[in-house]
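Chain by chain, the residues run as shown.
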Amino acid sequence: LSVSLFTSQWLQLSDMINKKYNEFIPSMDAAEELMDQVEAVSKDIDLLKSFIENEVQQNLHEAVTEYAKLKQQLEKNTAVISMLQHLQEFDTAMEEYHKTLQEKKYEAAAKQLGKARGSVEALKAWKDSELPLLKALSSEITVQRENLIYHLGEEWKKLAVWKLPPAKELNGMESFLTTALHLNSGESKEDKHTPNHLLSSVLQALVIQGELHKKIKLFGQVLLKYMLKPLIMYPSLLVEVGEQLEQGTVLSLHSEENQVEHPAPAEVYTKILIVLKTLHEHLFGTSIDDKKVSAILGDQIWEEMSDCIIRECLLYSIPTNSSQLAAYDTVIKETEDFENHLKDMGYLSGDSTDLLKYARNVNCHFASKKCQDVIVAARKLMTSEMHNTVKISPDYKLAIPKLPNLGGGSREKQEVKRSGHCDQQILENEKQLGQRTLCLPVCRISESVQQLMELAIKTLSEAVGSSPQCGFQLFYTTRNIFHLFYDVVPTYHKDNLLKFPHLAAIQHNNCMFLAHHLLTLGHQFRPHLPLKDGVAYFVDLVPGFRRLGAQCFVAQMNVQKAEMLERLSTARNFSNLDDEDNYSAASKAVRQVIHQLKRLGKVWQDVLPVNIYCKSMGTLLNTAISELITKIMMLEDISTEDGERLHTLCQTILEEGPLVFTPLPEENKNKKYQEEVPVYVKKWLTFKELSIVLHASLQEIVDRWAEGKGPLAQEFSSSEMKSLIRALFQNTDRRAIALTKIK
């Protein structure tokens, strides 16, 4: 209606415009009137257009609203239909599930249960998922899944039945003899080559339910603990495969007498392969999703089993001697074959494993094991008793094995030989050193130290014939032996070295013995060791060992000096010896010192080198007489009786002192050293002159002084002698005259 009205008005307007146009009105008023009419018509047109647009928009909104309602209703209907379809699928799947489960078609049952679960999951996506029906369906799925897992578990138990010893009785090999594994795969007894559908169905169902890895992991743990590890650890334990009518194949363990402490690799590999081959034939040879079940078992047990083989078997198969390394290729080949069999059965994947790498790296393991054994043996020697000794003579030489010939065809070596020959001819006409120059003096060392040096030489000999890496390790292990001695022995034997002078002397000799041979040990092996130039070998250790031996013996000397001075301190300063108690105390102190020196002389006899023995005894005796000289020289008043008794004490020392020098067991050979006491006792002549003065007259003293040129003047200063004369003699004219002559 609006459109028709608009059209009619527009036509009328057009006719009017044409009519007016044709009727030309020249007047301006007419023209203005005409323009007003045109504007009025334009406004009418705008109003009409606005009206039309409002009408159209209103109709369009109503149409859209209606469409939305219809669409929402359609979606609801579609959702209801979809829910009904899922419910129908759930019902169908559950019916099939119960049917296949009853028929022991476990794979099909698992798939049907998966379909039913998918239907329930789809229903959960619906916005009204809290419906009681949906909760009931979810609960039913959970119940039936547990039911299926239970049935699968029962079937799994029938497939592999363990007979295990009680956990409390696992103590030694005998406890594993009752272990047995019964395998009943359910295959046709008439034709063993008939596919075992039940086994495959059970395994596939376990995979679908996500339970297969759990079952195999638990099985693998039991297999390792009760069968594989015992077979690896105990050489006497063997595995046997038997057949029983009702229980199928049986893997059982039994023992045979075997005195071997650790099994050979080949024996271990054979026993393990028997077990794994049997399992592969009856249980784990089935493939699931193009992957053998044996691969799952292999992933579970391989790492722990290979570690056990390395720790209990391969570790002890490493040779203890470099000459046996070539024969170890057999073990490497056996290990390769073992892994190849496992790969063929699917238990193992990959090119190289830690087990094979360990076997192939035998040189490194040999060096490490050898080094460890050497250090253990060295430490055992160092902590053993030191008092078991052997006598070392100047003719003693280290027993160095024959080293390989390096070849002597080079021009340089020939020149060296020629020049050496010329030098020898020249030296024949010159004064030469003695045959025993730089040789060790006669002494005693610990038997353990001699064995320690032999161990070091043996280790270096092993390094000579080994690979560069092995030789390098063995060389530094030899150095570590001596470093270990330097640290362990003084610490481990610390108390005994201070308590027993015999051990201190032996330790001194031990250190000097080691230092002596370390000087040349590196030179003897240097051409045969794979070391760079500039390596110190063993010479750098020599000063440390000499210092260690000296420090140990000096510490013992200080202990003896302290004991000696402690005994002399009980002599009451050697004063007032006319008193019987004082004289008795002084005499006792002197006798104790002599006894101490004699005891030390016997303890160190035939132990210390003669020169060290004489110097040590001389030092201690000198300490005693120096203390006695000091005490006597401090006396301000010495009576005649005191002088006589002091002279008696001094004479006791002068007579018995030389007798403490007994470095050799043969008494007739010791006289030489007893006559050389003044050489070793610095204050001996001083003490001897003091003894004479204590018993001499004034004139005899003056005569021995001989105007500062006599023997007395060589040992005492004029002030010391004057002080001694004043103490011995009363103040008389004769004493005054004598004092004037002492200058």
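Since the model is a prediction, treat every value here as computed from it, not as a measurement.

Regarding its fold elements, the protein chain presents 27 helices and eight strands. A buried classification covers 41% of the 743 residues belonging to the protein chain. With the model as given, the accessible surface of the protein chain reaches about 42,400 Å², and the carbon-plus-sulfur share is 52%.

Turning to the packing of aromatic side chains, a few remarks are in order. Per the counting criterion, the structure on display carries 15 aromatic pairs. Arranged with centres 6.1 Å apart and planes meeting at 25°, the rings of F661 and Y680 form a pair that is stacked. With F661 in the loop between α20 (640-656) and α21 (671-675) and Y680 in helix α22 (residues 677-680), this residue pair connects regions lying 19 residues apart in the sequence. Classification of F661 as buried rests on a relative accessible area of 0%. Lying across the ring of Y583, R645 places its NZ or CZ 4.5 Å from the centre.

Our next topic: helix α27 (residues 733-741). Regarding α27, the residues found buried are R735, A738 and L739. Projected down its long axis, α27 shows its buried positions confined to an angular sector of 100°, all on one face. For α27, exposure combined with an orientation more than 90 degrees from the buried face picks out D733, R734 and T740. Of the surrounding elements, those touching the buried residues of α27 are α24 (698-705) and α26 (718-728).

Attention now goes to the packing of helix α16 (residues 501-525) against helix α18 (residues 580-604). Running from amino to carboxyl end, α16 crosses α18 at an angle of 45°, the nearest separation of the two axes being 9 Å. As summarised for this structure, α16 and α18 are arranged oblique, according to the angle between their axes. Crossing geometry of α16 relative to α18 is assigned as right-handed. Where α16 abuts α18, its residues P501, H502 and A505 lie against L600, V603 and W604. In terms of residue class, the contact of α16 with α18 is built from five nonpolar, one polar and no charged.

The next point concerns the packing of helix α13 (residues 447-464) against helix α14 (residues 468-492). Direction vectors running N to C along α13 and α14 enclose 165°, while the axes themselves pass 8 Å from each other. By the angle between their directions, the pair α13 and α14 is classed as roughly antiparallel. In the packing of α13 onto α14, the handedness of the crossing is left-handed. On the side of α13, the interface is formed by V449, L452, M453, L455, A456, T459, L460, E462 and A463, while α14 contributes G471, L474, F475, T478, I481, F482 and F485. Of the residues belonging to the contact of α13 with α14, the class tally is twelve nonpolar, three polar and one charged.

Turning next to helix α4 (residues 132-159). For α4, which comprises 28 residues, the first-to-last C-alpha distance of 41 Å matches the rise-based estimate of 40 Å (1.5 Å per residue) to within 8%. Residues of α4 that are buried: L134, L137, S138, I141, Q144, L148, I149, L152, G153, E155, W156 and L159.

The next point concerns the sheet that holds strand β3 (residues 237-244). If you trace the four strands from one edge of the open sheet to the other, you get β1-β2-β4-β3, paired in antiparallel fashion. Both edges of this open sheet fall to β1 (160-163) and β3, since each of them pairs with a single strand only. Averaged over all neighbouring strand pairs, the angle between strand axes comes to 20°, with direction disregarded. By the bridge criterion, four bridges tie β1 to strand β2 (residues 180-183) in an arrangement that is antiparallel. If you follow W162 over to β2, its bridge partner there is L181.

Positionally, N670 belongs in the loop between α20 and α21. Residue class for N670 comes out buried when judged on its relative accessible area of 0%. Leaving out residues up to four positions away in the same chain, N670 has contacts with Q605, F661, T662, P663 and L664.

This next bit is on empty space enclosed by the protein. What the rule picks out here adds up to four cavities of 30 Å³ or more. If you add up the space inside the second largest cavity, you get close to 50 Å³. Considering the residues around the second largest cavity, the lining is formed by L381, M382, M386, S446, S448, V449, L452, F485, V489, H493, Q507 and N510. Secondary structure elements with two or more residues in the lining of the second largest cavity: α11 (362-382), α13, α14 and α16. Take the lining of the second largest cavity: its biggest share by element is three residues, from α13. Its residues placed into classes, the lining of the second largest cavity shows seven nonpolar, five polar and no charged.

With that settled, the discussion passes to the pairing of β2. Here β2 shows two buried faces, one formed by A180 and H182 and the other by L181 and L183. Strand direction decides the pairing type here: β2 and strand β4 (residues 248-255), joined by four bridges, are antiparallel. Bridge pairing links L181 to L251 in β4.

Okay, the environment of P166 next. With respect to the secondary-structure elements, P166 resides in the loop between β1 and β2. What makes P166 partly exposed here is its relative accessible area of 43%. Residues P166 and T178, twelve residues apart in the sequence, show an inter-C-alpha distance of 9.6 Å.

A few words now on the nonpolar core. In this structure, L279 and I309 are the most contacted members of the largest nonpolar core, which totals 126 residues. With sequence-adjacent residues up to four places away left out, L279 is seen in contact with L181, L183, F219, L223, F284, G285, L297 and Y347. Residues L497, A589, Y613 and A713 belong to the second largest nonpolar core, which totals 70 residues.

Mean pLDDT for the protein chain: 82, with 86% of residues reaching 70 or above. For the protein chain, per-element mean pLDDT is lowest for helix α12 (residues 411-427), which scores 42, and highest for helix α17 (residues 542-568), which scores 95. Contacts from residues 188-195, a stretch scored under 50 in pLDDT, to residues over four places away or in other chains number three contacts. Under a pLDDT of 50 for its full length, residues 408-427 has, in the predicted model, six contacts with residues more than four places off or in other chains.

Here we take up unusual backbone geometry. Positive phi, normally seen in glycine, also occurs at F574, with a value near 55°. Tracing the backbone through its elements, the reader meets F574 in the loop between α17 and α18. One non-glycine residue with positive phi stands out, namely A706, at about 50°. Mapped onto the elements of the fold, A706 is located in the loop between α24 and α25 (711-715).

Definitions and cut-offs
Residues numbered from 1 in each chain as written. Predicted model: local features only at pLDDT ≥ 70, side-chain atom pairs only at ≥ 80, totals over all residues. Heavy atoms only, no water. Helix = DSSP H or I, 4+ residues; strand = E, 2+ residues; numbered from the N terminus. Buried < 20%, exposed > 50% of the residue type's maximum accessible area, 1.4 Å probe, protein only. Areas by Shrake-Rupley, 256 points an atom, 1.4 Å probe, with all protein chains shown as cover. Phe/Tyr/Trp six-rings, centres within 6.5 Å; stacked < 30°, edge-to-face > 60°. Lys NZ or Arg CZ within 6 Å of the ring centre and 35° of its normal. Arc of directions from axis to C-beta. Contact = heavy atoms within 4.5 Å. Axes fitted to C-alpha atoms, helices over the stretch in contact; angles between N-to-C directions. Parallel < 35°, antiparallel > 145°, perpendicular 65-115°, else oblique. Left-handed = near helix turned anticlockwise from the far one by under 90°. Nonpolar A, V, L, I, M, F, W, Y, C, P; charged D, E, K, R; others polar. Expected span 1.5 Å × (residues − 1). Pairing = 2+ DSSP bridges. 1 Å grid on protein atoms, 1.4 Å probe; cavity = no way out; pocket = protein on both sides within 12 Å on 5 of 7 lines; lining within 4 Å. Points joined across faces, edges and corners; volume = space filled by probe spheres on them. Core = buried A, V, L, I, M, F, W, Y, C linked by side-chain atoms within 4.5 Å. pLDDT = per-residue confidence, 0-100.

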